[in-house]
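Summary of the model geometry
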Amino acid sequence: RPLTKQWYQRRVRGNLAQPGLNGTPCVTDVGGVPNLIPSANIEKQYNLDDVAKLCEMPGGYVIGPSAVASKLLGKNAELVNNVKTGEEGMVKSMYTKIIDDEQNDYECKPYPHNEFGLLGNLFVSQGLPGKVIHITAKKRIGSLNFITCLNKGLAEDFPDPVAVGGTFLLTNGKTKLHVMPGFSCTPLDSDDDVNNWLRFFEMSGPLTHTSVFVSKDPGLDLRLEHSHCFSEHGDGGHYHFDTTPDTVCYEGYFNLAEAIFRIDPPSVTHMIGRD
């Protein structure tokens, strides 16, 4: 069904920077988890204007999850990019950070920059209204999360990679999220190390997510799924799965990418910490 400006105003209260997900849509995987794990390379900072140009879409609309530019924020954090690039740009991004690593409290606030750090999985388009894929789901009966279910279905039904990006809301229920604390002082050499470093929380909807997922890696060292969220009530972070299967409700609007761009892949890679 058409994704209209009125839907954005009604469902996400005008929080997104453009009225749609159409106009030469593509996805890009920038940097990667090896820039964060085992040890953070904080020199890896990226500009969304540059990313849009590298995706052959100067002035494009960019949404999706990444890490913040820690040099600008002074802290590691989860970021929801929501940026119209170019001279007539608009930045409506949100970040969630751990305020005090000792107290384990967090906050979700506007992020006024068009730079991010370390890694990003982004959907780039002209931000135009048009037809999209509308999905609603409720009452989870299996063990997989919302995005993994969609991606698994694509992988089973299509032999070639299918790349998708967009936004979804957890309109009812609660979810397990993580928020990165300050960078680890010691190398994170295993998934257990990563999980012990991350801060996990159960947070409540409604939560607005941006998400990028790819059904299969065509040999580009892609992260196959990545979703971050924010809210008006101060919750946000990296999406794992809902914790209230009997009452959870999802509503998503997605579009298919016409191309996949791989930007600045790490020279040394691994599979640690990609969940």
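Scroll up a little and you will see the structure.
These lines cover the structure that appears in this document, whether it is placed above or below.

What counts as what
- Residues numbered from 1 in each chain as written.
- Predicted model: local features only at pLDDT ≥ 70, side-chain atom pairs only at ≥ 80, totals over all residues.
- Heavy atoms only, no water.
- Helix = DSSP H or I, 4+ residues; strand = E, 2+ residues; numbered from the N terminus.
- Pairing = 2+ DSSP bridges.
- Axes fitted to C-alpha atoms, helices over the stretch in contact; angles between N-to-C directions.
- Expected span 1.5 Å × (residues − 1).
- Contact = heavy atoms within 4.5 Å.
- Polar contact = N/O pair within 3.5 Å; in protein donor to acceptor, adjacent residues only side chain to side chain.
- Buried < 20%, exposed > 50% of the residue type's maximum accessible area, 1.4 Å probe, protein only.

**A short note on unusual backbone geometry**
P38 follows I37 through a cis peptide bond whose omega is 10°. The residue after G205, namely P206, is reached through a cis peptide bond having omega 5°. Take P206: it is sitting in the loop between β14 (199–204) and β15 (207–214). The phi dihedral of K139 is positive, around 55°, even though this residue is not glycine. One can find K139 in the loop between β11 (133–138) and α4 (146–157).

**Let's talk about the sheet that holds β15**
With antiparallel pairing, the eight strands of this open sheet are ordered in space as β11-β18-β12-β15-β16-β17-β13-β14. The open sheet has two edge strands with one neighbour each: β11 and β14. Averaged over neighbouring strand pairs, the angle between their axes works out to 30° when direction is ignored. Of the pairings in the sheet, the one linking strand β16 (residues 225–230) to strand β17 (residues 237–242) comprises two bridges and is antiparallel in character. Within β17, the residue paired with H228 across the bridge is H238.

**Describing α4**
Owing to its 3.6 residues per turn, the α-helix aligns residues three or four sequence positions apart on the same side. Over its 12 residues, α4 extends 17 Å from the first C-alpha to the last, a length consistent with the 16 Å expected when each residue adds 1.5 Å. Where α4 is buried, its residues contact β11, β12 (163–172), β15, β16, β17 and β18 (249–256). The opening residue of α4 is N145, an N-cap whose side-chain oxygen sits 3.0 Å from the backbone nitrogen of I147.

**Examining the side chain of N121**
When you line up the elements, N121 lands in strand β9 (residues 115–125). Its relative accessible area of 3% is what places N121 among the buried residues. Looking at N121, its side chain comes within polar contact range of the side chain of D29, at 3.1 Å. Each residue touching N121, except ones within four places of it in the same chain, is listed here: T28, D29, I63, G64, P65, V212, R223 and H226.

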